[in-house]
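Topology and contacts: notes
Take a look at the letters that make up each chain.
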Amino acid sequence: MFNTKRENETGIGYATYSMFVVLKQGHSKEIGLALPQMYSSYKLWANEQLIAENGKVGKSINDCVPQWKPQTVYIEVPGDTLNLVLQIANFHHAKGGIKEPIFIGTASKMRFKRTMATISNLTETVALLLVSVLFFFIYFGRTKKSVTLYFALLCLTWSVRSMFSNMYLGIYFFPDFDWTTMVRIEYVTLYLTMIWAILFLSQIFQNESNIFFIYALVFCNVIFTIFTLYSSPLSFTEWLNVYLLVSAILLIYGGFTVVRAWVNERVGSGLLTISVILGLNVFAYDMFVYEGFSSYDPFIFSFGYISIFLLMGWALSMHLGLIKSKASPTNRLTYDDLYKKE
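Notes on the structure in this doc start here. (Residues numbered from 1 in each chain as written. Predicted model: local features only at pLDDT ≥ 70, side-chain atom pairs only at ≥ 80, totals over all residues. Heavy atoms only, no water.)

Check the secondary structure of the protein chain and you find 10 helices and 10 strands. Looking at the protein chain residue by residue over its 342 residues, the buried ones come to 50%. Taking contacts inside the protein chain between residues at least 6 apart in sequence as the whole, the part at least 24 apart equals 76%. (Helix = DSSP H or I, 4+ residues; strand = E, 2+ residues; numbered from the N terminus. Buried < 20%, exposed > 50% of the residue type's maximum accessible area, 1.4 Å probe, protein only. Contact = heavy atoms within 4.5 Å.)

Structural data, given as structure tokens:
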């Protein structure tokens, strides 16, 4: 067994944890344990039986092999006591420890929960991929407008990201996938999503966009992308909290742009206003989960992001004239009425 060791009170080091769980009387003999993402390798024993592991634990960076594959394992516990022993080691990521709690329940309930989580994650991936393909066809076959291309790239990027974040289902399809490459994909797709979102908004609402903010935000995301591609995971994951500030500025700018477009009664602005509000809530929830303040709920993520992208696609279709807007003329005083140039 390892002794606990941390370096400079960071997430770097290794440790062994042990606990006893007293199960209620009459419990099902077969129980399930939902194991979340752990930074960045672990072994777990239950009643002295090895039941799960990710990567290879060790006492140095040379001894460890990182891997992330959240999973649910099932064991039989004939008695009323469960002794859990966890070895965990991290020398590759800025964060350390367990991302979320380990959940224990009856095998049937845990199987159902895992199945539904997998279905929701795959639904999100496939739905966004199909939307992406649809708008690529529209771009190359009909409009040739850059706003259509940006939205198609936005959907495609998030579809890829959904397979390499949170549940990391991509690892189930490719068990030997390189961990460093996987983490790079997770972070780079986040930055690319922001770039496509900025360019999408700047094109769909050109009169409300500010060229300075557009170039500044795109430039920041390009810098983070390059840094992620050419530095170690230990380095670029440490800067994510700094990037959260850039994300906050982007969301504020996006919200301001959409609301201003709504005031000016631009086509599709109402749908995008709803998507921005929804996006703020889902993204905030995403950050809470990353920081460990909340547990990951795949239904909230998948339903939220699918709704956001469908609303954006609907608004874009109206903007392109693919869907006719039924909005009637209004006599409401707009921003342009007040400040238009003579």
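So that's the structure; there's more coming.
With that settled, the discussion passes to the pairing of strand S6 (residues 49–54). Across five bridges, the pairing between strand S5 (residues 41–46) and S6 is antiparallel. By the bridge assignment for S6, lysine 43 is matched with glutamate 53. In sequence, S5 turns back onto S6 through a hairpin of two residues, with asparagine 47 there showing a positive phi of about 50°. (Pairing = 2+ DSSP bridges.)

All right, on to the packing of helix H4 (residues 179–204) against helix H7 (residues 240–263) then. Two numbers describe a pair of packed helices, the interaxial angle and the distance between the axes. At their nearest, the axes of H4 and H7 sit 11 Å apart, and the two run at 20° to each other. Judged by the angle between their axes, H4 and H7 are roughly parallel. Note on packing geometry: the crossing formed by H4 with H7 is left-handed. Of the residues in H7, those touching H4 at Tyr187, Leu190, Tyr191, Met194, Ile198 and Leu201 are Leu240, Tyr243, Ser247, Leu250, Gly254 and Val258. Looking at the contact of H4 with H7, its residues break down into 10 nonpolar, two polar and no charged. (Axes fitted to C-alpha atoms, helices over the stretch in contact; angles between N-to-C directions. Parallel < 35°, antiparallel > 145°, perpendicular 65-115°, else oblique. Left-handed = near helix turned anticlockwise from the far one by under 90°. Nonpolar A, V, L, I, M, F, W, Y, C, P; charged D, E, K, R; others polar.)

Attention now moves to the nonpolar core. Formed by 64 residues in total, the largest nonpolar core has its most connected members in Phe151 and Phe200. Mapped onto this core, the elements with two or more residues apiece are helix H1 (107–143), helix H2 (146–163), H4, helix H5 (211–230), H7, helix H8 (269–290) and helix H9 (298–320). For this core, the element with the highest residue contribution is H4, accounting for 15 residues. In this view, phenylalanine 151 contacts Val131, Phe135, Phe200, Phe309, Met312, Gly313 and Leu316; residues no more than four positions away in its chain are not counted. Of all hydrophobic cores here, the second largest spans 18 residues; its members include Met38, Tyr42, Ala46 and Leu86. (Core = buried A, V, L, I, M, F, W, Y, C linked by side-chain atoms within 4.5 Å.)

Below, the discussion takes up the packing of aromatic side chains. Counted by the stated rule, this structure contains 16 aromatic pairs. Relative to tyrosine 305, the ring of tryptophan 158 has its centre 4.6 Å away and its plane inclined at 50°; by these criteria the two rings are tilted. Taken together, the residues tryptophan 158 in helix H2 and tyrosine 305 in helix H9 connect sequence positions 147 residues apart. For tyrosine 305, a relative accessible area of 7% translates into the label buried. A connected cluster of aromatic rings, assembled from ring pairs, spans Tyr39, Trp68, Tyr168 and Trp179. (Phe/Tyr/Trp six-rings, centres within 6.5 Å; stacked < 30°, edge-to-face > 60°.)

With that settled, the discussion passes to the sheet that holds strand S7 (residues 71–76). Taking strand neighbours across the sheet as the criterion, the three strands line up as S7-S3-S10 in an open arrangement whose pairing is antiparallel. Two strands lie at the open edges of the sheet, namely S7 and strand S10 (103–106), each paired on one side alone. Ignoring strand direction, the axes of neighbouring strands in this sheet form an average angle of 25°. Across six bridges, the pairing between strand S3 (residues 30–35) and S7 is antiparallel.

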